Each structure stands twice: as C-alpha cells, then as structure tokens.
Amino acid sequence: MSLVLEFLNEHALSIDFAMFLLIGLVQVIVYPVFREIPEDRFASWHPRYCNQIGWFVLPLMFAQLMGSLSACFFIGEILSWTHLFFVGVAWSVTFFVSAPCHRRLMKEGKIDSVVERLIRTNYWRVLAWSGTLVCSWIQY
C-alpha cells in the first residue's frame, strides 16, 4: 500500500494536471455541445457519454483523493490541507450537483434548464481543480 501512496504523491502534479485538462475540455467543449444535440438524439447520446467519461474521470478522482489524503496524513503542511479542501469541493459539486443533473437528463431527456445548470455550476469544479493544480505546482 505504501508504494501506491508514494506513487500518488510523486505523480500528484500529473494527476492534477490531467483533471484540470479534463474539466477544462468538459467546460469549453463537451457541455456546450449538449445545447447542440437534438432532443431525439440526446436520450441515446447522453447515457453513452456518461458511461464513457467515467472511465477517465473516476480513476483520476480516486487517485487524487487518495494522494491528497495521504499527503495530509504523512506531510500535513498547509498546502496539503488546501489541496484536500479543493479536492473536497470538486467531489462535492460533482456528486451533489453535477451527478444529479446528469441523472435527470438520463431519466427525462434533454432539458435546457438542466443543461444550462450543468454549464453554470461546472465553473466551481473548474475552480476547484485549478486550485488543486496550483497547490501541486507549488509543492512540486
């Protein structure tokens, strides 16, 4: 287990950069495209998107969380705790705001107000994952 935590610590900057890039692509390209997809195609496209993006996002999110928690436990400096704070914000917005929006879109189809909420609230994740990247860059 210590080898995994050591690996995560040594690669925190890379993991945070990957999350920053991924959330940036989602904010600038993916979510705005939701507006352009016709309603009759949205019901088949959106669940496929959610399932496929999960293969990229979830491993990075778990790696980031484990690395951040271990840094707080083993290092304990203020930047480690700040990094964990940003990870917590990103996770909170993901699971309490974005995921419910996606579930509603899967269940009810394309709803413009929900798409707009995803785009608007995703800025919190962009800021949070930008914060993790800045913390890792400073620690690096």
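To start, this report covers the structure provided alongside it. (Residues numbered from 1 in each chain as written. Predicted model: local features only at pLDDT ≥ 70, side-chain atom pairs only at ≥ 80, totals over all residues. Heavy atoms only, no water.)

1. With respect to the overall build of the chain
What counts, and what does not: Helix and strand assignments follow DSSP, with helices taken as H or I runs no shorter than four residues and strands as E runs no shorter than two, numbered in order from the N terminus. Think of it in three bands: with a 1.4 Å probe and only protein chains considered, a residue is buried below 20% of the maximum accessible area for its type, exposed above 50%, and partly exposed in between. Residue contacts follow a heavy-atom distance rule, with two residues in contact if any of their heavy atoms lie within 4.5 Å. Surface exposure here means Shrake-Rupley accessible area, sampled with a 1.4 Å probe, where a residue is shielded only by the protein chains that are shown. His is not counted here, nor are the chain ends, while Lys and Arg score as positive and Asp and Glu score as negative. A single reference atom marks each charge: NZ on Lys, CZ on Arg, CG on Asp, CD on Glu.
Broken down by element type, the chain carries five helices and zero strands. What you see in the chain, going N to C, is helices and strands ordered as α-α-α-α-α. Dimensions of the chain, computed from C-alpha atoms along their principal axes, come out at roughly 50 × 25 × 20 Å. When the 140 residues of the chain are sorted by exposure, 44% land in the buried category. A fraction of 75% describes how many contacts in the chain between residues 6 or more apart in sequence connect residues 24 or more apart. A total of about 8400 Å² of accessible surface is found on the chain, and carbon and sulfur atoms cover 69% of it. Looking at the chain, you have 10 positive and 10 negative side-chain charges, and the mean spots of the two groups are 10 Å apart.

2. Some details on the nonpolar core
The following threshold applies: What is meant by a nonpolar core is a set of buried Ala, Val, Leu, Ile, Met, Phe, Trp, Tyr and Cys residues, joined one to another through side-chain atoms within 4.5 Å.
Core analysis: the largest hydrophobic core is formed by 15 residues, its most contacted members being Y31, F34, Y49, L105 and L118. Secondary-structure elements contributing two or more residues to this core are α2 (12-36), α3 (39-74), α4 (78-108) and α5 (112-139). Dropping the residues within four chain positions of it, L118 is found in contact with Y31, F34, S98, C101, H102 and L105. Core analysis: the second largest hydrophobic core is formed by 14 residues, M61, A90, W91 and W129 among them.

3. What to know about the packing of α4 against α5
Using the following cut-off: Each axis is a line fitted through C-alpha atoms, and for a helix only the stretch in contact is used; angles between axes span 0 to 180 degrees, taken between their N-to-C directions. Every angle not falling under 35 degrees, over 145, or within 65 to 115 is termed oblique; those three ranges are roughly parallel, roughly antiparallel and roughly perpendicular. Crossing chirality is assigned from the near helix's rotation relative to the far helix, an anticlockwise turn below a right angle marking it left-handed and a clockwise turn marking it right-handed. The residue classification treats Ala, Val, Leu, Ile, Met, Phe, Trp, Tyr, Cys and Pro as nonpolar and Asp, Glu, Lys and Arg as charged. All others, Gly included, are polar.
Between α4 and α5, the least distance of the axes is 9 Å, while the angle of their chain directions is 160°. By the criterion of interaxial angle, the relationship of α4 to α5 is roughly antiparallel. The chirality of how α4 crosses α5 is left-handed. Tallied by class, residues from the contact of α4 with α5 come to 17 nonpolar, eleven polar and three charged.

4. Quick look at the packing of α3 against α4
For the pair α3 and α4, the least separation of the axes is 11 Å and the interaxial angle reads 160°. Classified by the interaxial angle, the pair formed by α3 and α4 is roughly antiparallel. Handedness of the α3/α4 crossing: left-handed.

5. Observations concerning a nonpolar patch on the surface
As a reminder of what qualifies: What makes a patch is a set of residues exposed beyond 30% relative accessible area and free of salt bridges, joined within 9 Å when like-charged and within 5 Å when nonpolar (Val, Leu, Ile, Met, Phe, Trp, Tyr). In the sections that follow, a salt bridge refers to a side-chain nitrogen of Lys or Arg positioned within 4 Å of a carboxyl oxygen of Asp or Glu.
Together, L25, V28, I29 and V33 give the surface a local cluster of nonpolar side chains, amounting to about 350 Å² of exposed area. Topologically, V33 is positioned in helix α2.

6. Considering α4
Quick reminder of the rule: Given the number of residues in a helix, its expected span is that number minus one, multiplied by 1.5 Å. One axis fitted to the seven residues ending at a residue, another fitted to the seven starting there: the angle between these axes is the bend at that residue.
In this model α4 runs 44 Å from its N-terminal to its C-terminal C-alpha over 31 residues, within 8% of the 45 Å that 1.5 Å per residue would give. In α4, a bend of some 35° at T94 exceeds every other bend along the element. Where α4 ends, the next residue or the one after it, G109, has phi of about 90°, a positive value.

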